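Listed here are the chains, written in short residue letters.
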Amino acid sequence: MEILQKISDSLLTLKEKKPLVHHITNYVTVNDCANITLAIGASPVMADDIGEVAEMVSFASALVLNIGTLNSRNIESMMAVGKKAREKGIAIVFDPVGVGATALRTATAKRIIQEVGPSVIRGNMSEIKIIAGLDAGIKGVDSVADEAGGETVARQLSQKLGCVIAITGKQDIIAAGERVCRIDNGHAILSQVTGTGCMATSLIACYCGATGDCFTGAAAGVMTMGIAGEIAQQSLQAGEGVGTFRMRLFDAVWAMTPELITKGGRISNA
């Protein structure tokens, strides 16, 4: 399948170019996001002070904005760095963690979308439905929304906002206008480790920064996390649990190859 070959090729491009990915992300997962970026072959920087973010992002190939642990200081840093990245044509991947849980999160997400204009928005079903203005269930930062109709939501929101929409869940959905695909990789244990969604966002940014193709980059990041999750879960022995899984997830991303993607990737046009 053409898209699977593009994803496979994009991994080679990423490892060759080693893009610098600037993150303003949440302090719960910042170390994991930095390490997953290194594991796939890119270079992370996690600067978040408003005094340097615009200068720092000027050297980057992609930017991650994640609202998992909001405060007034990092909100203004996100706005400043996002506008500079937009001005310089740098790919911006937005992770609206927990949007809808509080008024601050919802207002900040709307502001980033309106004033920054992300290239990719990656979220769970609840987060994406809330951004689309639909009723959705959310518990803290976790999704409890019905996944029915996800393709339509993703397609319509992508067209409305002019960006790629990536919905991650039991089955992942990637949309860019009328172009929509589904990815069937992954394992339920991924949801039992804090930060796998944030790490998937980082992987998306790595691919987007390397290739400049945000539809393929979003699919590649999500698929890489899914395949790595499968490999890590399959390696578990009796008595091993989420701690061992987390460690082996990083190993699986580090060891990812184009061959593993073409052999293990499960993707279909919607």
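Residues numbered from 1 in each chain as written. Predicted model: local features only at pLDDT ≥ 70, side-chain atom pairs only at ≥ 80, totals over all residues. Heavy atoms only, no water.

A.B. asks: Could you give an account of the pairing of strand S8 (residues 164-167), naming the residues involved and the relevant values?
C.D. replies: The side-chain alternation of S8 yields two buried faces, one formed by Val164 and Ala166 and the other by Ile165 and Ile167. Across four bridges, strand S5 (residues 120-123) lies against S8 in parallel orientation. Following the sheet pairing, isoleucine 121 is matched in S8 by isoleucine 165. Connecting the antiparallel pair S8 and strand S9 (residues 172-176) is a turn made up of four residues. (Buried < 20%, exposed > 50% of the residue type's maximum accessible area, 1.4 Å probe, protein only. Helix = DSSP H or I, 4+ residues; strand = E, 2+ residues; numbered from the N terminus. Pairing = 2+ DSSP bridges.)

A.B. asks: Pulling in residues and values, what's your account of the environment of glycine 177?
C.D. replies: Counting through the fold element by element, glycine 177 comes out in the loop between S9 and strand S10 (179-183). Glycine 177 sits 23 residues away from alanine 154 along the chain, and the two C-alpha atoms are 8.6 Å apart. When sequence neighbours within four positions are dropped, the list of residues in contact with glycine 177 reads Arg155, Ser158 and Gln159. (Contact = heavy atoms within 4.5 Å.)

A.B. asks: Please give an account of the pattern of salt bridges that cites residues and values.
C.D. replies: Under the criterion given, the structure shown has 12 salt bridges. For arginine 73, the salt bridge identified is with aspartate 48, shortest N-O distance 3.3 Å. With arginine 73 in helix H4 (residues 72-87) and aspartate 48 in the loop between strand S2 (43-45) and helix H3 (53-57), this residue pair connects regions lying 25 residues apart in the sequence. Classification of arginine 73 by relative accessible area gives partly exposed; the value is 42%. Note that lysine 83 and glutamate 115 form a salt bridge whose closest N and O atoms lie 3.3 Å from each other. Of the two residues, lysine 83 sits in helix H4 while glutamate 115 sits in helix H5 (residues 103-116), which places them 32 residues apart along the sequence. Classification of lysine 83 by relative accessible area gives partly exposed; the value is 41%. A relative accessible area of 39% means that glutamate 115 is categorised as partly exposed. Salt bridges linked by common partners bring Glu76, Lys83, Arg111 and Glu115 together as one network. (Salt bridge = Lys/Arg side-chain N within 4 Å of Asp/Glu carboxyl O.)

A.B. asks: Can you lay out helix H10 (residues 242-254) for me, pointing to particular residues and giving the numbers?
C.D. replies: Side chains that are three or four residues apart share a direction in an α-helix, a result of its 3.6 residues per turn. With 13 residues, H10 should cover 18 Å at 1.5 Å per step; its first-to-last C-alpha distance of 18 Å lies within 8% of that length. Those residues of H10 lying buried are Thr244, Phe245, Leu249, Phe250, Ala252 and Val253. (Expected span 1.5 Å × (residues − 1).)

A.B. asks: Give me H5: which residues, what numbers.
C.D. replies: Between its first and last C-alpha atoms H5 spans 19 Å; for 14 residues at 1.5 Å apiece the expected length is 20 Å, and the two agree. Elements that come into contact with the buried residues of H5 comprise strand S3 (62-66), H4, strand S4 (91-95), S5, helix H6 (125-131) and helix H7 (150-161). Just downstream of H5, glycine 117 is the residue with a positive phi angle, here 75°.

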